[in-house]
Structure formats: C-alpha cells, structure tokens
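Coordinates in review
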Amino acid sequence: MRKSVAVLGSTGSIGTQTLDVIERIGTDHIDVLHLVANRSSPLLAEQAKRFPQATASATLTHGPSVLVDAVMDPRVDTVVVAVSGAAALEATIAACKRGLRVCIATKEVLVAAGALVMQLAKDHGATLLPIDSEHSALFQAMQGYGPETIDRMHLTASGGPFRTWSAEQIQNATISDALNHPTWKMGGKITIDSASMMNKGLEIIEACWLYGIPESRVDVVVHPQSIVHSLVEFKDGSLLAQMGYPDMRLPIQIALLHPIKLDTGIPRLHPTQMGTLTFDAPDTGKFPALELARQAMRNGGTVPAVMNAANEAVVAGFLENKCSFAQMHDIVADAMDAVQRLDPMNLTDILDVDTQARAYVTSCLEKHIGAS
Ligand code: MG
C-alpha cells in the first residue's frame, strides 16, 4: 500500500537521508506530503523542488504548531520524527493518537515520555518503528518471535572517540575531540552523547520502552567495528544478530516500509570482508552515563525526562564552552536529584520537569563560568 509521509526535521542528518531513501524507493511506494524544518534554508527550498507535491514549512517562520499541523493532515499515514526538543514529543503524541505509523529517530521522545507514548500507541493502534540502528537491529532479529521468547538484548556501541582514552584524558577532552566520532557522521548533540556514551544510556531506555523489557535485561557491548548492530538473546540460548555496513538508510527504509524489502543501494557486506569482530564489556567507570541512565530508568516516573532534558542542556553548554566534558555528567546527576520526581505523569508534567531541569542546568553553567 502506498504511504503518505510527513517528514519532521527534513533538513537534518536523518531527514536528508530519509528523503534520499524515499527518492530511491519511488512514488509507487511513498509520497512526501510535508517537509518541516527548523528554519527556511536553501536546502529546504531544494527539497521542496525535489518533492513538488509536498508542503514545505519552517517552525521558526510559521511557529512550532506546523509540526502537529503536518501530523494532523488527514492524508498523512506515516510520520518521520527527526526533530529535537518538546516539539518532537507533541508531534509524536499527535501521531500516536491518530494511530499512524510513527518512525522515531528522536530517541529523546521515548526517554522522556516512553510510558505515555507507548500507552497512546497501544490505545490508538499506532505502530512505532525505530530509526536507530541498534533498535532497528533488535526489531529485525525478533521478527516472528513473541516478547515471552526473549531473554536479553545486547546493544552494540562503537565506544566513540574516547574508547581507548584514559579517564584523565577524557576529563580534559575538548569539543573537537568529542566531535570526532570514529564510525558515524551525525548531528552535534548525538555525537557528544556518543563520546560520553550517554547515547547508549538513552538507547537502553529506548529499548526498554519499545520492547517492554527491564533495563536489567538490556546489556551494552562495545563493538568498535560497527558491523553487528545489536543482538537478541532468546530463552533457548540462540543469539540473533543483524549485520551490515553502518548506514542509516537501512533503518530508515525498514521503518518506512517494513515488511517490504527493496534495494537500498547500500554497499553489500560479504562475510569474507568482515575481518575480526570484537565485543567487550563497557568501562562504566570511564563512562558513568551508562549507570546514570539505568538509575533513571529504575527510579522511573519523570526521572528519565529530567535526565534527558538536563543532558540536552548540558551538551549545548559544553558545545558553547560553558563546562568541561567531565562536568556534564555531574551536572546531569545533580539535576536528577534536584528536580522533584512525579509519577504517574502526563504531558504537562513531562514538559514541566523538562523546563525545571533545563533551568537547573543553566544556573549550574552560570556558576561554573563565574567560578572559572
Ligand atoms: Mg543508535
């Protein structure tokens, strides 16, 4: 069946790759009806030319409501969520309430509001599909098996640019050190999260919500070759992995088209080309963000939302030279203690703790600058 898509965040890294995938798939399978970007730009104008049937809009020009407006277009049946911040959450909730296919690249939505989003998706018959290479791998490996057959999930991590660095070196890492990711070319926020391994922490929480599994049964393994994208361990001991060259076009196409499979144009990986694949336990002493995320998930309620918002704010602060690499973790941990935990929660509560967490981080960053 032909799909009609709204691409939220069309000019970002995932958005541009989504449009490349859609262009290749062709209009027999997919129509793009909405292109929404943060701001008007030559790239957005060029995208509008490539997809002449689509309405192109920018949140800075037309207001943040254009995201939800695109989702509410009755012709739209598939939404790609690749925008950051609270706007992504509101658009995702609207898409869930409409019972759409929701392709989620913004993992922060599930971290902040997993319980709410999953419940709405269930109540309204929405289908959530991850555009995250690890979660797409898990999704692919578990096809045909029910949740009761699964024992553990193993999320692979490249280890980021600081995998072989000492704890002391990491403490003093600069912005350009942290932006130098060995495998994936991505946006600034996720690249910093990969360097601290907070990205993997967020992905633990993402897996818990998507697949209804407790954090104690989600492992992280460091696999610097980035060929195995994650593994599912079943009750009978079978371990199924999904493999290939790292390329986001595959998870994007799976989210859009599953169960249809078409050529992606991605280079094929022959088993003889894999070389040596290694898997190691992460060093949680050097990368404390992993344990912080597990703690947030165990504490539950609004704690993951606070961690997520504090992390976004502190990463922005680090990129503006307002704190050191190591201080990011301490500030996020402090924010998790400082903001009151609510449970159960609704969208208003989540947005409220999000604002509080960001304000807390801002005041910390000001203090740090004052002290230095
Ligand atoms: Mg990932």
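Residues numbered from 1 in each chain as written. Predicted model: local features only at pLDDT ≥ 70, side-chain atom pairs only at ≥ 80, totals over all residues. Heavy atoms only, no water.

**Some details on the overall build of the chain**
Our working rule: The numbering of helices and of strands both runs from the N terminus, where a helix is a DSSP run of H or I of at least 4 residues and a strand a run of E of at least 2. Taken over C-alpha atoms, the radius of gyration is set against a globule rule of 2.2 Å times the number of residues to the power 0.38. Two residues qualify as a contact provided that any one of their heavy atoms is within 4.5 Å of a heavy atom in the partner residue. The protein chains shown are the only cover counted for residues, whose accessible areas, like all others here, come from Shrake-Rupley with a 1.4 Å probe. Just so you know, the count uses Lys and Arg for positive and Asp and Glu for negative, and it drops His and the chain ends. Lys charges are placed at NZ, Arg charges at CZ, Asp charges at CG and Glu charges at CD.
Assigned secondary structure in the chain consists of 16 helices and 10 strands. In terms of overall size, the chain behaves like a compact globule, its C-alpha atoms giving a radius of gyration of 20 Å where 372 residues would be expected to give roughly 21 Å. Summarising its shape, the C-alpha atoms of the chain cover approximately 55 × 50 × 40 Å along the three principal directions. Summarising the internal contacts of the chain: among those between residues at least 6 apart in sequence, 70% fall at separations of at least 24. About 15900 Å² of surface is accessible on the chain, with carbon and sulfur atoms providing 52% of the total. When the 29 positive and 39 negative side-chain charges of the chain are each reduced to one mean point, those points stand 5 Å apart.

**As for the pairing of strand E3 (residues 55-58)**
For clarity, the threshold we go by: One requirement defines pairing of two strands: DSSP has to find at least two bridges between them. Crossover handedness is defined here as right-handed if the route from the first strand over the helix to the second strand goes clockwise, with the strands pointing away from the viewer.
By the bridge criterion, 4 bridges tie strand E2 (residues 30-37) to E3 in an arrangement that is parallel. What sits directly across from His-34, in E3, is Thr-55. The handedness of the E2 to E3 crossover, carried by helix H2 (residues 42-50), is right-handed.

**What to know about the packing of aromatic side chains**
For clarity, the cut-off: In this scheme Phe, Tyr and Trp rings, the latter by its six-membered ring, pair at centre separations within 6.5 Å, and the angle between planes marks the pair as stacked below 30 degrees, edge-to-face above 60, and tilted otherwise. We call a residue buried when its accessible area falls under 20% of the maximum for its residue type, exposed when it is over 50%, and partly exposed in between, using a 1.4 Å probe and counting protein chains only.
Considering all chains together, one arrives at 4 aromatic pairs under this definition. With 4.7 Å between their ring centres and 55° between their planes, Tyr-145 and Phe-234 make a pair best called tilted. A residue pair is termed long-range when its members are at least 10 positions apart, and Tyr-145 in the loop between helix H7 (133-141) and strand E7 (150-157) and Phe-234 in strand E9 (residues 228-234) qualify at 89 residues. Judged by its relative accessible area of 44%, Tyr-145 is partly exposed. Judged by relative accessible area, Phe-234 falls into the buried class, the value being 5%. With a centroid separation of 4.5 Å and 45° between ring planes, the pair formed by Phe-162 and Trp-165 is classed as tilted. With a relative accessible area of 23%, Trp-165 lands in the partly exposed category.

**A look at the coordination of the magnesium ion**
Using the following cut-off: Only nitrogen, oxygen and sulfur atoms count as donors, using a 2.8 Å cut-off from the metal that widens to 3.2 Å for Na, K and Ca. Water is left out, so coordination shells may look unfilled.
All of the protein donors around the magnesium ion are Asp-132 (OD), Glu-134 (OE) and Glu-203 (OE); their distances to the metal are 2.0 to 2.1 Å. Looking at Glu-203, the relative accessible area reads 1%, which means it is buried.

**Details of helix H6 (residues 107-124)**
Under the convention used in this document: Here the expected length of a helix is defined as 1.5 Å per residue gap, with one fewer gap than residues. Two axes enter the definition of the bend at a residue: one is fitted to the seven residues ending there, the other to the seven starting there, and the bend is the angle between them.
Across its 18 residues, H6 extends only 21 Å between first and last C-alpha, which sits more than 12% below the 26 Å expected from 1.5 Å per residue. Largest kink in H6: about 100°, centred on Ala-113. The set of residues buried in H6 consists of Lys-107, Glu-108, Val-109, Leu-110, Val-111, Ala-112, Ala-113, Gly-114, Leu-116, Val-117, Leu-120 and Ala-121.

**Describing the domain arrangement of the chain**
Our working definition: Each domain span listed reflects an automatic or database assignment of domains. Buried area, as used here, totals the accessible surface that two parts lose on assembly, with accessibility defined by a 1.4 Å probe and the loss added over both.
If you check the domain split of the chain, you get domain 1 (3-131) and domain 2 (300-372). Spacing between the C-alpha centres of domain 1 and domain 2 amounts to 27 Å. Where domain 1 abuts domain 2, roughly 840 Å² becomes buried across the two surfaces, and 73% of that area is made up of carbon and sulfur atoms. Contact with domain 2 buries surface across domain 1, with Val-111, Ala-112 and Leu-116 losing the most and accounting together for 45% of the total.

**Some remarks on the state of the cysteines**
Linking two cysteines covalently through their sulfur atoms gives a disulfide. Just so we agree on the cut-off: The definition used for a disulfide is geometric: two cysteine sulfur atoms within 2.5 Å.
Counted according to the given criterion, the structure contains 0 disulfides. Sulfur of Cys-103: no disulfide; nearest cysteine sulfur belongs to Cys-96 and is 11 Å away. Given the relative accessible area of 0%, Cys-103 is considered buried. Cysteine Cys-364 shares no disulfide, and the gap to the nearest cysteine sulfur, in Cys-323, comes to 9.7 Å.

**Thoughts on the side chain of Glu-134**
Rule in force here: As used in this structure description, the phrase polar contact means that two N or O atoms lie within 3.5 Å; if the pair is within protein, one of them must be able to donate a hydrogen and the other to accept it, and residues adjacent in sequence are counted only when both atoms belong to side chains.
Along the chain, Glu-134 falls in helix H7. Polar contacts involving the side chain of Glu-134 include one to the side chain of Ser-133, which spans 3.2 Å. Among residues more than four places away in sequence, those in contact with Glu-134 are Leu-155, Thr-156, Lys-200, Glu-203, His-229 and Ser-230.

**Here we look at helix H1 (residues 13-25)**
The terminal C-alpha atoms of H1 lie 19 Å apart, and with 13 residues this matches the ideal 18 Å at 1.5 Å per residue to within 8%. Of all the positions in H1, only Ile-14, Gly-15, Gln-17, Thr-18, Leu-19, Val-21, Ile-22 and Ile-25 are classed as buried. Packed against the buried residues of H1 are strand E1 (3-8), E2, H2, strand E4 (78-81) and helix H12 (249-257). Gly-26 lies just past H1 and shows a positive phi near 95°.

**A word on the sheet that holds strand E8 (residues 218-222)**
Condition: Axis geometry follows a simple rule: fit a line to the C-alpha atoms, using only the stretch in contact for helices, then measure angles between N-to-C directions, giving values from 0 to 180 degrees.
Read from one edge to the other, the open sheet built from 4 strands follows the order E8-E7-E9-E10, with strand pairing classed as mixed. The open sheet has two free edges, formed respectively by E8 and strand E10 (239-243), since each of these has just one partner strand. Looking at each pair of strands side by side, their axes are set apart by 20° on average, direction ignored. Here helix H11 (residues 198-211) sits on the sheet and contacts E7 and E8; the angle it forms with E7, its principal contact strand, is near 150°.

**A word on the sheet that holds strand E5 (residues 101-104)**
Backbone hydrogen bonds hold the strands of a sheet together, and the pairing may be parallel or antiparallel. Strands sit in the order E3-E2-E1-E4-E5-E6 across an open sheet of 6 strands; the sheet is parallel. Since the sheet does not close on itself, it has two edges, and those belong to E3 and strand E6 (127-130), each with one partner. In this sheet, neighbouring strand axes are inclined to one another by 20° on average, regardless of whether the strands run parallel or antiparallel. Packing against the sheet, H1 makes contact with E1, E2 and E4, and its axis sits at approximately 165° to E2.

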